[in-house]
Amino acid sequence: MSASIHPPRTLTTSPGQETLIEYPSQFPIKVMGAKVDGFVHAVTQIARRFDPGFDAGTVELRNSSKGNYLGITITVTATSRQQLDDLYRALTSHPMVKVVL
């Protein structure tokens, strides 16, 4: 008996664009910025705009080695490529945010 190998399920979102993400799914996003008052609140408010069911209790925080920067991991329920693109744009355009991964 031989095992069959299947490629990952690829979903096409629009002509010329493919994604390996199945929607809906839990999608972690890392956001980094200076460790200042209001940074975590700003990031969680943006997450809620794009995922109304976002649970701020799932946020993970990590200080930089010198404590000047803060890494925030948010996990959103991704429902489409467009939603994720819009979320990334909103995060990267926020003045407190330095990097989004």
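Above this text you will find the structure in question.
Calculation criteria
- Residues numbered from 1 in each chain as written.
- Predicted model: local features only at pLDDT ≥ 70, side-chain atom pairs only at ≥ 80, totals over all residues.
- Heavy atoms only, no water.
- Helix = DSSP H or I, 4+ residues; strand = E, 2+ residues; numbered from the N terminus.
- Buried < 20%, exposed > 50% of the residue type's maximum accessible area, 1.4 Å probe, protein only.
- Contact = heavy atoms within 4.5 Å.
- Areas by Shrake-Rupley, 256 points an atom, 1.4 Å probe, with all protein chains shown as cover.
- Pairing = 2+ DSSP bridges.
- Axes fitted to C-alpha atoms, helices over the stretch in contact; angles between N-to-C directions.
- Expected span 1.5 Å × (residues − 1).
- Arc of directions from axis to C-beta.
- Core = buried A, V, L, I, M, F, W, Y, C linked by side-chain atoms within 4.5 Å.

> So what's going on with the overall build of the protein? Residues and values would help.
Counting its regular elements, the protein contains two helices and six strands. Listing each helix as α and each strand as β along the protein from the N terminus yields β-β-β-α-β-β-α-β. In the protein, which comprises 101 residues, the share counted as buried stands at 28%. A sequence separation of at least 24 residues applies to 64% of the contacts in the protein between residues at least 6 apart. Carbon and sulfur atoms provide 55% of the accessible area of the protein, an area that totals close to 6,800 Å².

> Describe the sheet that holds strand S5 (residues 69–78), and please don't skip the residues or the numbers.
Judged by pairing direction, the sheet is antiparallel, and its four strands sit side by side in the order S4-S5-S3-S6 without closing on themselves. Both edges of this open sheet fall to strand S4 (60–63) and strand S6 (97–100), since each of them pairs with a single strand only. Averaged over neighbouring strand pairs, the angle between their axes works out to 25° when direction is ignored. Across four bridges, S4 lies against S5 in antiparallel orientation. Across the sheet, Asn-63 pairs through a bridge with Leu-70, a residue of S5. Sitting on the sheet, helix H1 (residues 39–50) is in contact with strand S3 (25–34), S4, S5 and S6, with an inclination near 15° to S5.

> Can you lay out helix H2 (residues 81–93) for me, pointing to particular residues and giving the numbers?
In a regular helix each residue adds 1.5 Å, so 13 residues correspond to 18 Å; H2 covers 18 Å between its end C-alpha atoms and thus fits that length. Among all positions in H2, only Gln-83, Leu-84, Leu-87, Ala-90 and Leu-91 are buried. All buried residues of H2 lie within an arc of 125° about the axis, which places them on one face of the element. Its buried side turned inward, H2 meets S3, H1, S5 and S6.

> Tell me about the nonpolar core, residues and numbers included.
In this structure, Ile-29, Val-31, Val-43, Ile-74, Val-76 and Leu-91 are the most contacted members of the largest nonpolar core, which totals 20 residues. The set of elements that each furnish at least two residues to this core consists of S3, H1, S5, H2 and S6. In terms of residues, this core owes the most to one element, S5, which gives five residues. Contacts of Val-31, omitting those with residues within four sequence positions, involve Phe-39, Val-43, Leu-70, Gly-71, Ile-72, Leu-91, Val-97, Val-99 and Val-100.

Limitation: the analysis is restricted to geometry and does not speak to function.
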